[in-house]
Amino acid sequence: MTMWTAVLVAAIVCVGLKTVGYLIPARWVEAPTPLRIADLLTVALLAALVAVQTLAVGQAVVVDARVPAVLVAAGLLLLRAPFLVVVVAAALVAAMLRLWGWAA
Amino acid sequence: MTKVTLDPHFDDAHSAGEAKRAVRQGLGVALATSAYGISFGALAVAAGLDIWQTCVLSLVMFTGGSQFAFVGIVAAGGLAAAPSAIASAALLGVRNVAYGIRMSPVIGAGFWRRAAAAQFTIDESTAVSLAQRTARARTLGFWVTGIGIYVGWNLSTLAGALLGDVLGDPRAYGLDAAAAAAFLALLWPRLRARQPIVVGVAAAVVATVLTPVLMPGLPVIVAAVVAIVVGWTNWLGRSTATDAVEPDDVAEREGLP
């Protein structure tokens, strides 16, 4: 598979999912289980991505400059900081720790 | 249009004020959301996509969570992880099905109108629309937010991709930590009840424990099983159907894609 194939397949699948919602009969709206699963799927995937993006290097689990950076991000989110501030602050923390040689 | 008829005050003066409010909210959310297309563009290029591939993701896929997931997994596992990247993007896109179901009566009839609406159906456009109280304001809120973000998100993606291209080693700029923080910020507004918090913690643990034994990308997919099991059994959930559905103002307050 080339990167282009992957990009196009993923993009088309996502567009297809958006379209499906407009084709499904309205009475499905009353079914709570599919909606609940869709909602929790989002939570589980994002949480798993946070974990992997913070701790994984390939197949190894590593604690490095990303961990303090994500903790700072969590603190800012608690203070209701906007998305961009949170992301930029995390990048700065990791970049500074690496620049000063305090963390890998 | 059953939801709309709940509003008892449907006179013209009131309706014009509501419409103006919807447009203002939509533009505000569009501006805030578009700004961090820059981080997506930079991260995508750092993950190994070229500028055109990055732009195609924003132009065609156009759903932020899925886009970040796709490039995050490709960054970790390269092309070998592409099937996992596609699956993660698709699973994160499943919530757009639920949004489409709820937006369908607001959008109304007409093939082209519905086809266009499908592409603009994302967290923010759905949230802004459903937060309005009149039929006109709901329709306006959806289109202003959806089209506004589409234009802004694609422009900022291009800017971020060009920026990422000249930066060089992404780790020196903390871009790997930025990606983790982006996922956390997308997750944050959804952690308002016990059930999603438990699912989130469990999924994070499952993904971490499986990281050494599975190829990159797969731990995230397996962690999704937690959501299916808990969602199916409604373990720790509340009994009424409406509670399980995400609050209408999630994206509006937090500005997530």
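Residues numbered from 1 in each chain as written. Chains lettered and ligands numbered in written order. Predicted model: local features only at pLDDT ≥ 70, side-chain atom pairs only at ≥ 80, totals over all residues.

Peer 1: Help me understand the environment of Val-144 of chain B, please; the structure alone is not making it clear to me.
Peer 2: All names here are of chain B. As for its placement among the helices and strands, Val-144 is situated in helix 9 (residues 135-167). Sequence spacing of Val-144 and Ala-82 is 62 residues, and the spatial spacing of their C-alpha atoms is 34 Å. Among all residues touching Val-144, those that are not within four sequence positions of it are Ala-22, Val-23, Gly-26 and Leu-27. (Helix = DSSP H or I, 4+ residues; strand = E, 2+ residues; numbered from the N terminus. Contact = placed C-beta atoms within 7 Å.)

Peer 1: When you look at the interface of chain A and chain B in this model, what are you seeing that I'm missing?
Peer 2: For an interface, size is often stated in terms of accessible area lost upon the parts coming together. Listed per partner, the contact involves 68 residues of chain A and 90 residues of chain B. Going through the elements one at a time, helix 1 (3-23), helix 2 (32-55), strand 2 (60-61), helix 3 (66-78) and helix 4 (83-99) of chain A are the ones with two or more residues in the side of chain A that touches chain B. The greatest single-element share of the side of chain A that touches chain B, amounting to 23 residues, is contributed by helix 2 of chain A. Here the side of chain A that touches chain B is composed, by residue class, of 55 nonpolar, eight polar and five charged. (Nonpolar A, V, L, I, M, F, W, Y, C, P; charged D, E, K, R; others polar.)

Peer 1: What am I meant to see in the nonpolar core here?
Peer 2: One broad trend across soluble globular proteins is that nonpolar side chains are buried collectively. Core analysis: the biggest nonpolar cluster contains 117 residues, and Ala-44, Ala-48 and Ala-90 of chain A together with Ala-181 of chain B have the highest contact counts within it. With 16 residues, the top contributor of residues to this core is helix 2 of chain A. Those residues in contact with Ala-48 of chain A, other than ones at most four positions away along the chain, are Ala-203, Ala-204, Val-206, Ala-207, Pro-219, Val-220 and Ala-223 of chain B. (Core = buried A, V, L, I, M, F, W, Y, C linked by C-beta atoms within 7 Å. Buried ≥ 20, exposed ≤ 12 C-beta atoms within 10 Å, placed from the backbone.)

Peer 1: What should I look at first to understand the confidence of the model for chain A in this one?
Peer 2: Caution is warranted with low-pLDDT regions, since their predicted coordinates should not be read in detail. Looking at chain A, the pLDDT average stands at 92 and 96% of residues meet or exceed 70. Mean pLDDT across the elements of chain A ranges from a minimum in helix 2 of chain A, with 91, to a maximum in helix 3 of chain A, with 98. (pLDDT = per-residue confidence, 0-100.)

Peer 1: How should the packing of helix 3 of chain A against helix 10 (residues 175-187) of chain B be read in this particular structure?
Peer 2: Between two packed helices, the angle of one axis relative to the other and the distance separating the axes together describe the packing. At a minimum axis distance of 9 Å, the contact between helix 3 of chain A and helix 10 of chain B shows a crossing angle of 35 degrees. Crossing handedness for the pair helix 3 of chain A and helix 10 of chain B: right-handed. In this structure, helix 3 of chain A uses Arg-66, Ala-69, Val-70, Ala-73, Ala-74 and Leu-77 of chain A to contact helix 10 of chain B, whose residues at the interface are Asp-176, Ala-177, Ala-180, Ala-181, Leu-184 and Ala-185 of chain B. Grouping the amino acids of the contact of helix 3 of chain A with helix 10 of chain B by side-chain chemistry returns ten nonpolar, no polar and two charged. (Axes fitted to C-alpha atoms, helices over the stretch in contact; angles between N-to-C directions. Left-handed = near helix turned anticlockwise from the far one by under 90°.)

Peer 1: In this structure, what is going on with unusual backbone geometry? I would like to understand it.
Peer 2: Residues and elements named next belong to chain B. Not every positive phi belongs to a glycine, and Phe-62 is a case in point at roughly 40 degrees. Residue placement: Phe-62 occurs in the loop between helix 3 (51-61) and helix 4 (64-77). Despite not being glycine, Asn-234 shows a phi value in the positive range, around 55 degrees. Of note, Asn-234 is situated in the loop between helix 12 (218-233) and helix 13 (241-244). Under the C-beta neighbour-count criterion, Asn-234 is labelled partly exposed, with 16 such atoms within 10 Å.

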